[in-house]
Amino acid sequence: MIESPPGDTCNTGSKRKMTAKKKLPIGVQSFRKIREGDYYYIDKTGFILGLIEEGSYYFLSRPRRFGKSLLVDTLKELFSGSRELFAGLYAEDHWDWSVSHPVLLFSFAGGVLGSVADLHNHLERQLDLHEKTLGIESHYPEIRSRFADLILHAHRQSGRQVVILVDEYDKPILDAIADREEAARVRDVLRDFYSVIKDNDAHIRFAFLTGVSKFSKAGIFSGLNNLRDITVEAPYSAICGYTEGDLETVFAPELPGLDRALIREWYDGYNWLGESVYNPFDVLLLFSKRTFGAYWFETGTPTFLVKLLLERGVFTPSLGQTVASEMLLSTFDVDTMPVEALLFQTGYLTFHRTEDLAGSRFFRLGYPNREVYQSLNVCLAGAFLNDPGRENQLRLNLLRSLQSADFAALEAHFRALFAAIPADWHRKNAIAEYEGYYASVFYSHFAALGLDIRVEDATSRGRVDMTVLFEGRVFVFAFKVVELEPEGRALEQILARRYADKYLDPGRPIHLIGVEFSRKERNLCAFEVRSLPHQPAGGAGPQE
């Protein structure tokens, strides 16, 4: 993982050590409620003051349930001068409490706003609330003019420049994303609304927008191009989420009885070019339930994303080894949705490392942790099968076959799996027309168990060798489609290329499995197994 760069001092932490158990702020997004209600709180005010000192206009993208709303609410209380809430935090002694600013907060986090009409009603209600708070009556009927008028009056009335905060700025577009035309209309309304911020620079002290997706400058940001995007700025990688240090100090009372290595495996690994963080929603649910589960994933099953992956014919074994350019990750709009950008922005892939080649910057993306890796592949496996209930039973059968190394059962399992895929699915999906489809079904089915899988020679053309390490055994697979490669056998490929050599180890059983598919039959046509005798690492390898 990418380490925090030297000199990163934004995460200053709390001034006091919390050693006694406190309440878990599950679903609590109010900074005041947390601070007055004896909840755990990770001090992010060092990050916040760093932002305020460096500039005035910011945008931050983070996945859902990562603490964006709490961060926005903290900014609101800071600029409002609520000093009592910051006792013991970094900001208490580093902020000028004699000055406060009027704050205009617009939130799109609650409810579904999937149409222009819904969006208009929501904006009008929030404008009404701010106008009543300030005791003004707008003379303009349209939303854009009312917003501009509100900023002007707030500045004149208080004598202080205005702070504008927008939480989940993109949610109305994402709510309508299944209907591209309506989503485009929603985007245009928001673009017009947000352009008011740029037009009123003289009246604004600070503006901060958060969301899941970063729409391209040609889309929603064309009217708001003065925002500084801190999404992948290393010093702010941990502005949302919990760090390793946070768990070891603030949450220390919750750790006894839980396996620290498993907590990392399940929930750590999110990275935005700086310090890695844990998913806060998962961590809080783990501390509450005391058992591991896919808590974050289950709150928002990515139906649209899975559908898009299948429509695009994405080769699923390559998802955890994605390479993308900096430009590609910022190329996102209603009509242009690169899979890499969508997976990254929604939190299903994260940065593993960067590479600078010939003056261009490239990112290597991968799954952040076991929760995402396993859960996304559960969805993909179910989508291939088009029957989630049946898929669950097949996964259980697969697990039992691997535990007992019952290869007759394993072959029967995969024949049943492919036979269960509806014929109509093959006709309607382009992914079923190329060799990588069969490897994708195989891979996602194994990955749905959360197994340790190594993909070798993974290409978009589907010539894949897959190794599964499970309970002290090694299963080495080679796949082929007989209509595409009529010569040679899959098992012979494993033997000829000596795929098993790197896994040779005394006492560890190794099983070579050649799997051949027929596009005509839409199922397996051969399943060959050869188990190797135990031998020391560096031995001669399998013999013909």
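Data block above holds the structure.
Model, not experiment: these values are computed from the prediction.

Caption draft 1: Region of interest: the environment of K22. Following the sequence through the fold, K22 ends up in the segment before α1 (31-36). Distance in space between the C-alpha atoms of K22 and V250 is 9.8 Å, their sequence separation being 228 residues. Once residues within four sequence positions are removed from consideration, K22 is found in contact with D38, Y39, Y40 and E254. Of note is the side chain of K22, whose polar atom sits 2.8 Å from the side chain of D38.

Caption draft 2: Focus on the sheet that holds strand β1 (residues 57-61). Taken in spatial order, the 5 strands make up an open sheet running β2-β3-β4-β1-β5, and their pairing is parallel. Each edge of the sheet is formed by a strand with only one pairing partner; in this case those strands are β2 (103-107) and β5 (228-229). The pairing of strand β3 (residues 162-167) with strand β4 (residues 204-211) spans 5 bridges and is parallel. Residue pairing for β4: V163 is matched across the bridge by F206. Set on the sheet, helix α2 (residues 45-54) makes contact with β1, β4 and β5; between it and β4 the angle comes to about 130°. Against the sheet, helix α3 (residues 68-80) engages β1, β2, β3 and β4, with an angle of about 165° to β4.

Caption draft 3: Spatial organisation of the sheet that holds strand β8 (residues 360-366). Across the sheet, which stays open at both edges, the 3 strands sit in the order β6-β8-β7 with antiparallel pairing between neighbours. In the strand order of this sheet, the two ends are held by β6 (322-325) and β7 (350-357), each with one partner. Strand-to-strand twist across the sheet, computed as the mean angle between neighbouring axes with direction ignored, equals 30°. In the sheet, β6 pairs with β8 via 4 bridges, with the strands oriented antiparallel. When the bridges of β8 are listed, V323 appears paired with R364.

Caption draft 4: Structural detail: helix α9 (residues 260-267). Regarding α9, the residues found buried are R260, I263, W266 and Y267. End-on view of α9: buried residues confined to an arc of 130°, all on one side of the axis. Residues of α9 that are buried sit in contact with α8 (244-249), α10 (280-289), α11 (295-298) and α15 (370-385). Capping the start of α9, D259 holds a side-chain oxygen 2.9 Å from the backbone nitrogen of A261, two or three residues further along.

Caption draft 5: Local environment of the side chain of T316. Summarising the element assignment, T316 is placed in the loop between α12 (303-311) and β6. The exposure class of T316 is buried, given its relative accessible area of 2%. When residues no more than four places from it in sequence are discounted, the contact partners of T316 are Y367, L380, F384, S440, Y443 and S444.

Caption draft 6: Focus on the packing of helix α5 (residues 143-158) against helix α7 (residues 180-199). Contact geometry for α5 and α7: axes closest at 9 Å, N-to-C directions at 30°. Looking at the two axes, α5 sits roughly parallel to α7. Judged by the sense of rotation from one axis to the other, the crossing of α5 with α7 is right-handed. When α5 is examined against α7, the residues I143, R144, F147, A148 and I151 are found in contact with a partner set consisting of D192, F193, S195, V196, I197 and D199. Class assignment for the residues of the contact of α5 with α7 results in 7 nonpolar, 1 polar and 3 charged.

Caption draft 7: Quick peek at the pairing of β1. Most of β1 sits out of view: 5 of its 5 residues are buried. Burial along β1 is two-sided: Y57, F59 and S61 facing one way and Y58 and L60 facing the other are all buried. Across 5 bridges, β1 lies against β4 in parallel orientation. In the strand pairing of β4, Y57 is matched with A207. Bridge count between β1 and β5: 2 bridges; the pairing is parallel. Looking at the pairing, Y58 lines up with R228 of β5.

Caption draft 8: Here's a closer look at the layout of surface pockets. As a volume, the largest pocket reaches approximately 1300 Å³. For the largest pocket, the lining is made up of 47 residues, of which R64, R65, K68, E168 and V212 are closest to its centre. Those elements that provide at least two residues to the lining of the largest pocket are α3, α6 (171-175), α10 and α12. By residue number, the principal contributor to the lining of the largest pocket is α3, which donates 5 residues.

Caption draft 9: Inspection of α15 at higher detail. With 16 residues, α15 extends 22 Å from end C-alpha to end C-alpha; this agrees with the ideal 22 Å at 1.5 Å per step. With 14 of 16 residues buried, α15 lies mostly within the body of the structure. Between the side-chain oxygen of the N-cap and the backbone nitrogen of E371 there are 3.3 Å, and the N-cap of α15 in question is N369. Two residues or fewer past α15, N386 is found with a positive phi of approximately 65°.

Caption draft 10: The arrangement of the pattern of salt bridges in detail. The tally for this structure, following the rule as stated, stands at 33 salt bridges. Linking D333 and R187 is a salt bridge whose minimum nitrogen-to-oxygen distance equals 3.2 Å. Placement of the pair is D333 in the loop between α13 (326-329) and α14 (339-345) and R187 in helix α7, with a sequence separation of 146 residues. Both residues of the pair, D333 and R187, count as buried.

Caption draft 11: Layout of empty space enclosed by the protein. Here the structure, examined in full by the defined rule, presents 1 cavity of 30 Å³ or more. As a volume, the largest cavity reaches approximately 30 Å³. Every residue lining the largest cavity is listed: A381, F384, L385, L417, I421, V441 and H445. Among the secondary structure elements, those contributing two or more residues to the lining of the largest cavity are α15 and α19 (436-447). Counting residues per element, the lining of the largest cavity draws most heavily on α15, which supplies 3 residues. For the lining of the largest cavity, the class distribution of residues is 6 nonpolar, 1 polar and no charged.

What counts as what
Residues numbered from 1 in each chain as written. Predicted model: local features only at pLDDT ≥ 70, side-chain atom pairs only at ≥ 80, totals over all residues. Heavy atoms only, no water. Helix = DSSP H or I, 4+ residues; strand = E, 2+ residues; numbered from the N terminus. Contact = heavy atoms within 4.5 Å. Polar contact = N/O pair within 3.5 Å; in protein donor to acceptor, adjacent residues only side chain to side chain. Pairing = 2+ DSSP bridges. Axes fitted to C-alpha atoms, helices over the stretch in contact; angles between N-to-C directions. Buried < 20%, exposed > 50% of the residue type's maximum accessible area, 1.4 Å probe, protein only. Arc of directions from axis to C-beta. Parallel < 35°, antiparallel > 145°, perpendicular 65-115°, else oblique. Left-handed = near helix turned anticlockwise from the far one by under 90°. Nonpolar A, V, L, I, M, F, W, Y, C, P; charged D, E, K, R; others polar. 1 Å grid on protein atoms, 1.4 Å probe; cavity = no way out; pocket = protein on both sides within 12 Å on 5 of 7 lines; lining within 4 Å. Points joined across faces, edges and corners; volume = space filled by probe spheres on them. Expected span 1.5 Å × (residues − 1). Salt bridge = Lys/Arg side-chain N within 4 Å of Asp/Glu carboxyl O.

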